[in-house]
Amino acid sequence: MTDYATITIDGVEHQFPLVTGSEGERAIDISTLRSTTGVVTLDDGYANTGAAQSAITFIDGDKGILRYRGVPIEDLAKHSSFIETAELLIWGELPDPAQRDRFRQMLSDQAPLHRDMRKHFDGFPSDAHPMAIQSAMINAIQAYDLPEIHISDDPTFERAAAALIAKTRTIAAAAYKSHIGQPMVYPRHDLNYVENFLHMMFSVPYRPYEATPEVAHALNMFLVLHADHEQNCSTSTVRMVASSGANLFTAVSAGVNALWGPLHGGANMAVIDMLEDIRDSGTSPQSYVDKAKDRNSGVRLMGFGHRVYRNFDPRAKILKEAADDLLNKVKVTDPLLDIAREVEAAALADDYFVERKLYPNVDFYSGIILRAIGIPLDMFTVMFAIGRTPGWIAHWKEVHDNAAQRIHRPRQVYVGPTLTEWVPRPDRKDKRKKR
Ligand code: CMC
């Protein structure tokens, strides 16, 4: 195998080195392309662009493999707590007991919000979307918790990472409480991360909530499965913002906004909307699948398809089993699960989906689990954001620690008007309607 690629432009050959990753992935290093040839690459949606060399998460989309720092997602989902998964992602290895205790203590210390931060919630309308609150409040943490705007040393980073992981959960629960008109609930020192979140969401002053082990286990697994997914839209956003030198909170707040869209994290809400629509309209799952094949219908099968997985999404496989398991254990029947199974079966038997290699993704079954736990629909994408926070932190750190990091600044191929004359105001004609 050669270790370079040859590109011929205007009859002149140029050679570029090939880079090979630790799992054998190959890439052409075109960092000198423009300076040596005068041309740039064009790659809509970055489907063929390696934006970074990263040591955090490995995906083989053809084989359905996902590993955090080399550890298979199946093992983490089965054995690991969300917090030790977070430590694995951020620091590159699973924590030993002393490291684990230390970080647990930091999380506990960082869990409450500064008293003045609580006033921010009053500034939002009561029907504000929780994702808007989540991103604004995460950005606001820095005003209270970061002694300097820029993180310059490891202890400051560790403290900021703990503040972010702990507070993102407190903010989510507080936003929910404020939305439903109940008093905010303080975190408790004696509960683990997941139990504490459920306590802050569902306890009321006169009735404490105690999570059952089944519910706590299912939520822990949900968070572990969402913790990282290499260069997805929101993580690329975090890396982009981090490359300018912006601090952790600002970068992660931007990631929350990128996650919100229905083609990304917002799909977990869209899946439930879709399943409810099928149930309420009496449409058969088969005819919904047929509609999703028609480009002009404006309908997509939400929770299906993935840019990287061209085989099954291993997270969807785990979540499907977990949804079955949880509903059995908590003795809840959810008709949406039956509809989801029928939609999946109809799509997987259909040539359109088979040829395009469209399989259920992480969002297809996750909503069933969140519903069984009692999480309201408009909090679903916030739950994804809580889960993805360790991944965003790990990527921010990777960018921040890279001494050779340059600011992210893509090029473009301009296709707008060429040199155009400035027209005085009275002579202008309205051409917008014709466009
Ligand atoms: N339903 C119907 N057709 C689809 C779907 C779908 N869900 N997904 C892709 N296609 C078709 C698409 O129309 C295209 O067809 P054609 O070749 O005839 O033009 C082909 O499959 C390739 O699709 P694409 O849009 O080029 O694929 P992409 O890699 O740009 O988009 C995706 C990936 C996940 C945005 C897309 O599959 C999608 O919109 N899925 C539904 C939304 C969703 O579930 N998003 C969650 C993604 S996983 C978690 C996360 O990232 O947050």
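In the block above lies the structure referred to throughout.
Residues numbered from 1 in each chain as written. Predicted model: local features only at pLDDT ≥ 70, side-chain atom pairs only at ≥ 80, totals over all residues. Heavy atoms only, no water.

**Remarks on the nonpolar core**
Residues Ile-165, Phe-197, Leu-219, Leu-248, Leu-275, Leu-301 and Ile-375 are the most contacted members of the largest nonpolar core, which totals 118 residues. For this core, the element with the highest residue contribution is helix α7 (residues 154–180), accounting for 14 residues. The residues touching Leu-301, leaving out its near neighbours within four places in the chain, are Met-274, Tyr-288, Val-289, Ala-292, Val-343, Ala-347 and Phe-353. (Core = buried A, V, L, I, M, F, W, Y, C linked by side-chain atoms within 4.5 Å. Buried < 20%, exposed > 50% of the residue type's maximum accessible area, 1.4 Å probe, protein only. Helix = DSSP H or I, 4+ residues; strand = E, 2+ residues; numbered from the N terminus. Contact = heavy atoms within 4.5 Å.)

**Let's talk about the site of the ligand**
Around the ligand, a shell composed of 22 residues is seen, among which His-264, Arg-295, Arg-300, Leu-301 and Arg-307 lie nearest. At 3.0 Å, a backbone N or O of Leu-263 approaches a nitrogen atom of the ligand. Gly-265 is positioned with one of its backbone polar atoms (N or O) 3.3 Å from an oxygen atom of the ligand. The protein chains hide 77% of the 930 Å² of surface that the ligand would expose on its own. Looking at the shell around the ligand residue by residue, the class counts come to 10 nonpolar, 6 polar and 6 charged. (Near = heavy atom within 4 Å. Polar contact = N/O pair within 3.5 Å; in protein donor to acceptor, adjacent residues only side chain to side chain. Areas by Shrake-Rupley, 256 points an atom, 1.4 Å probe, with all protein chains shown as cover. Nonpolar A, V, L, I, M, F, W, Y, C, P; charged D, E, K, R; others polar.)

**Notes on the pairing of strand β2 (residues 12–20)**
Both strand β1 (residues 4–9) and β2 contribute to a ladder of 6 bridges, which runs antiparallel. Looking across to β2, one finds that Thr-8 is bridged to Glu-13. Bridge count for β2 against strand β3 (residues 26–28) is 3 bridges, and the pairing is antiparallel. Within β3, the residue paired with Leu-18 across the bridge is Ile-28. Connecting β2 to the antiparallel partner β3 that follows it, the hairpin turn spans 5 residues, and Gly-24 within it adopts a positive phi of roughly 85 degrees. (Pairing = 2+ DSSP bridges.)

**Section: the sheet that holds β2**
Strands sit in the order β1-β2-β3 across an open sheet of 3 strands; the sheet is antiparallel. The sheet is open, and its two borders are formed by β1 and β3, each paired with just one other strand. For this sheet, the mean inter-axis angle between neighbouring strands, taken without regard to orientation, is 30 degrees. (Axes fitted to C-alpha atoms, helices over the stretch in contact; angles between N-to-C directions.)

**Focus: the sheet that holds strand β4 (residues 57–60)**
Strand order in the open sheet formed by 3 strands is β4-β5-β6, with antiparallel pairing between adjacent strands. Of all strands in the sheet, those with a lone pairing partner are β4 and β6 (71–72), marking the two edges. Two elements, β4 and strand β5 (residues 65–68), share 4 bridges in a ladder whose sense is antiparallel. Across the sheet, the residue bridging to Asp-60 is Ile-65, located in β5.

**Things to note about the packing of helix α14 (residues 314–329) against helix α17 (residues 362–373)**
For the pair α14 and α17, the least separation of the axes is 8 Å and the interaxial angle reads 25 degrees. Taken as axis vectors, α14 and α17 run roughly parallel relative to one another. Between α14 and α17 lies a crossing of left-handed hand. Where α14 approaches α17, its residues Arg-315, Ala-316, Leu-319, Lys-320, Ala-322, Ala-323, Leu-326 and Leu-327 are matched on the opposing element by Val-362, Tyr-365, Ser-366, Ile-368, Ile-369, Ala-372 and Ile-373. (Parallel < 35°, antiparallel > 145°, perpendicular 65-115°, else oblique. Left-handed = near helix turned anticlockwise from the far one by under 90°.)

**As for helix α15 (residues 335–348)**
Taking 1.5 Å of rise per residue, the 14 residues of α15 would be expected to cover 20 Å, and the 20 Å separating its terminal C-alpha atoms lies within 8% of that figure. The N-capping residue of α15, defined by a side-chain oxygen 2.9 Å from the backbone nitrogen of Leu-336, is Asp-334. (Expected span 1.5 Å × (residues − 1).)

**Brief notes about unusual backbone geometry**
Note on backbone geometry: most residues besides glycine have negative phi, and most peptide bonds are trans. A positive phi is found at Tyr-46, a non-glycine position, where the angle reads about 55 degrees. If you trace the backbone, Tyr-46 turns up in the loop between α1 (33–37) and β4. Residue classification places Tyr-46 among the exposed positions, given a relative accessible area of 53%. Here the phi dihedral of Glu-230 falls at roughly 40 degrees; this positive angle occurs in a residue that is not glycine. By secondary structure assignment, the location of Glu-230 is in the loop between α9 (213–226) and α10 (233–243).

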